[in-house]
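Commentary on secondary and tertiary structure
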Amino acid sequence: MTFVFTDTLGRDYMVENAVSYELIDEAGASCKGLRLYFDTDCELGEIVCVKAENDGSLVFNGFCDLQKESRAQSGFEYFIYARSLASILVDNEAEPFEYKNPTAKQLFISNIRQFGFKCALPDIFTENSYIVSKGASCFGAVNDFVFMMTGFPVYVDENGSMRVYGEGKKVRYLDDYHLLSHEYIISRSSVISRVDYKINASEGYKYHCTGSFAEQNKIQRSGKINLSGLPVWQREKAAERKITASLDEYYSLKIRLSGVCGFHLFDRVKTDKGEFFVSEIIYAKNEKGETTTLVMKRKPEGKMINYVA
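Each value, and the rule that gives it
Residues numbered from 1 in each chain as written. Predicted model: local features only at pLDDT ≥ 70, side-chain atom pairs only at ≥ 80, totals over all residues. Heavy atoms only, no water. Buried < 20%, exposed > 50% of the residue type's maximum accessible area, 1.4 Å probe, protein only. Helix = DSSP H or I, 4+ residues; strand = E, 2+ residues; numbered from the N terminus. Arc of directions from axis to C-beta. Contact = heavy atoms within 4.5 Å. Pairing = 2+ DSSP bridges. Axes fitted to C-alpha atoms, helices over the stretch in contact; angles between N-to-C directions. 1 Å grid on protein atoms, 1.4 Å probe; cavity = no way out; pocket = protein on both sides within 12 Å on 5 of 7 lines; lining within 4 Å. Points joined across faces, edges and corners; volume = space filled by probe spheres on them. Nonpolar A, V, L, I, M, F, W, Y, C, P; charged D, E, K, R; others polar. Polar contact = N/O pair within 3.5 Å; in protein donor to acceptor, adjacent residues only side chain to side chain.

Section: helix α2 (residues 104-111)
Of the residues making up α2, those classed as buried are A104, L107, F108 and N111. On an axial view of α2, the arc spanned by its buried residues comes to 105°, and they lie on one face. Those residues of α2 that are buried lie in contact with β8 (97-100), β9 (118-119), β10 (129-132), α3 (138-150) and β12 (161-164).

Some thoughts on the sheet that holds strand β15 (residues 194-198)
Here we have 4 strands laid out as an open sheet, ordered β17-β15-β16-β22, and mixed in their pairing. The sheet terminates laterally at β17 (222-226) and β22 (304-308), the two strands that pair on one side only. When the angles between neighbouring strand axes are averaged without regard to direction, this sheet yields 20°. Lying over the sheet, helix α5 (residues 232-246) contacts β15, β16 (207-211), β17 and β22, oriented at roughly 150° with respect to β15.

Side note on the layout of surface pockets
The calculated volume of the second largest pocket comes to roughly 190 Å³. Listed by contribution, the elements that provide at least two residues to the lining of the second largest pocket are β10, α3 and α5. Per-element accounting of the lining of the second largest pocket gives the leading share, 4 residues, to α5. Classifying every residue of the lining of the second largest pocket gives 7 nonpolar, 3 polar and 4 charged.

Examining the side chain of H208
Structurally, H208 is set in strand β16. Classification of H208 as buried rests on a relative accessible area of 10%. For H208, the side chain forms a polar contact with the side chain of D196, separated by 2.6 Å. There is a polar contact of 3.1 Å between the side chain of H208 and the backbone oxygen of K206. Among residues more than four places away in sequence, those in contact with H208 are R194, V195, D196, Y197, I305, N306, Y307 and A309.

Examining the sheet that holds strand β11 (residues 154-156)
In spatial order, the strands read β9-β12-β11; together these 3 strands make up an open sheet with mixed pairing. The sheet terminates laterally at β9 and β11, the two strands that pair on one side only. Across 2 bridges, β9 lies against β12 in parallel orientation. Counterpart to C119 in the pairing with β12 is M162.

Laid out in structure tokens, this is it:
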């Protein structure tokens, strides 16, 4: 993997033989994260932009958050931590607002376009109101809406276009790769079976949302949230999301492959434990060489029920 840096004066630097790196792309995170160690003969300026390429393809494009320089006998040792382009949307707060019958593109125009990104979102809309609450980031203002409407998050690609993830079209097979390690996990500790919520401050938590999967697997764990500031449809979606998010770690498969393998988030992968989707990709290099680690999830099946009691 090749890395290119641009400093505050517009000068470019290239690193082709990094000592080590770790590039993490996660479905639950707004942006990619890159940790990089390398040696140079010359001193670098203050780094602003960081790019990474693999076999001619741009796999990372972002901003430097942290730069450390150490002097060595043979030159300089550097550490860089960078986040991808979407980090600027995470670091800026959206204006609280109630949108009437919004579309994803309208939310993009109001919250994202000012930063120079391009819109590649599909036609997603609702005939209800949608509230962007105080404290939400510009990224979250769009992402939360799209996720509630489609079940998939948004992302900013390496060319600066905002898109929505989707399920992989083709199924991939682990037999096509050199498998180094394999770990299958069933985690029941964080699963919530019921959410109790209220829709105004003067009432109790008399509204409920239950998930049949947790109940079928004999898990009894509840949580309480105040949703009084949201429209009706957002309340139910928020309660359901709290349950589905708790199920994310229930079935997971972590595998490590030799080399830098070209996977994408939400790719479908067939394994001996069934079909999973890719939720995290870690490209790494150390003294033993380059590897690709995939964290894959399997969505538990079940229904959500909202009721008043």
